[in-house]
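What the coordinates show
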Amino acid sequence: MFLRDRNGPPGRLSLRVGLGQGSGMSRRLVVTPELMLRAYGAGLFPMAESRDDPTLHWFDPEERGILPLDGFHCPRRLMRTVRAGSYEVSTDREFPLVIQGCAAAAPGREGTWINGDIEALFTELHRRGHAHSVECRADGALVGGLYGVSLGGVFFGESMFSVARDASKVALVHLVARLRLGGYRLLDTQFVTTHLSQFGACEIPRAEYHRRLDAAARLPARWPAKVPAEALDREFAEFVA
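Residues numbered from 1 in each chain as written. Predicted model: local features only at pLDDT ≥ 70, side-chain atom pairs only at ≥ 80, totals over all residues. Heavy atoms only, no water.

A word on the pattern of salt bridges. One side chain can pair with another of opposite charge once the charged atoms of both are near each other. Counted according to the given criterion, the structure contains 14 salt bridges. Note that arginine 165 and aspartate 166 form a salt bridge whose closest N and O atoms lie 3.9 Å from each other. Take arginine 165: its relative accessible area is 62%, and that puts it in the exposed class. Taking relative accessible area as the criterion, aspartate 166 reaches 10% and is therefore assigned buried. Residue glutamate 208 pairs with arginine 211 through a salt bridge whose shortest N-O separation is 2.7 Å. Residue glutamate 208 and its partner arginine 211 are both found in helix α7 (residues 206-217); the two are separated by three residues, about one turn of the helix. For glutamate 208, a relative accessible area of 23% gives the class partly exposed. (Salt bridge = Lys/Arg side-chain N within 4 Å of Asp/Glu carboxyl O. Buried < 20%, exposed > 50% of the residue type's maximum accessible area, 1.4 Å probe, protein only. Helix = DSSP H or I, 4+ residues; strand = E, 2+ residues; numbered from the N terminus.)

Okay, the packing of helix α3 (residues 95-103) against helix α4 (residues 116-127) next. A packed helix pair is summarised by two numbers, namely the angle formed by the two axes and the spacing between the axes. Packing of α3 against α4 brings their axes to within 10 Å, and their N-to-C directions diverge by 150°. What the angle tells us is that α3 and α4 run roughly antiparallel. In the packing of α3 onto α4, the handedness of the crossing is right-handed. Judged by residue contacts, Phe95, Ile99 and Gln100 of α3 engage Ile118, Glu119, Phe122, Thr123 and His126 from α4. A class-by-class count of the residues in the contact of α3 with α4 yields four nonpolar, three polar and one charged. (Axes fitted to C-alpha atoms, helices over the stretch in contact; angles between N-to-C directions. Parallel < 35°, antiparallel > 145°, perpendicular 65-115°, else oblique. Left-handed = near helix turned anticlockwise from the far one by under 90°. Contact = heavy atoms within 4.5 Å. Nonpolar A, V, L, I, M, F, W, Y, C, P; charged D, E, K, R; others polar.)

Here strand β5 (residues 63-66) pairs with strand β11 (residues 202-205) via four bridges, running antiparallel. Looking across to β11, one finds that glutamate 63 is bridged to proline 205. Bridging between β5 and strand β10 (residues 186-190) involves two bridges; their strand directions are antiparallel. The partner of isoleucine 66 across the bridge, within β10, is aspartate 188. (Pairing = 2+ DSSP bridges.)

In structure tokens form, the structure reads like this:
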């Protein structure tokens, strides 16, 4: 999700996993990109307890966070920042750097749920066209961004980071605009945080989430790599709270 709840809900499934077979007496379940996509399609999402934790925990919470694409709203001050072009925004240009930025320690976030296996799996999903990033730069330097998984008409938001004011929020506004233009119908945030609630994020029961997931995953959505500025402007005009 965009901001992980490290405590998470009870009843999680924990597996010792890896990209290959372990050494010595320890054997590890091989988690492939194909298995990851199947898990997301079934409503599961993974996280580790720390960067060094070899155990992958799978979650399917009773209440699921989503950000309705037809109910997204953006504070006016933030929209002024978006439209002022304070950041250069791109997609899929530096996916590995975005996931590294999300995994890096930051004030108030000393640990990470992104271990080496998760980073490698999502990077491979990106190489295959199933994971995407939105980047924000200032003076050529990457200062914020987000990434997630794409499956049909569903985008599963995984994480975001920012080292400059509002950079991750600007990336989120651009993400939503692109998802709407690409025909997506569901933006999964997994949990709801104060950060996301200001944009209209809400929780829905597990059964309702699975119903929406099944329907949206069947849709032929398209990740819009290049979007004309006027098309983005029209979307932005719909977002002002």
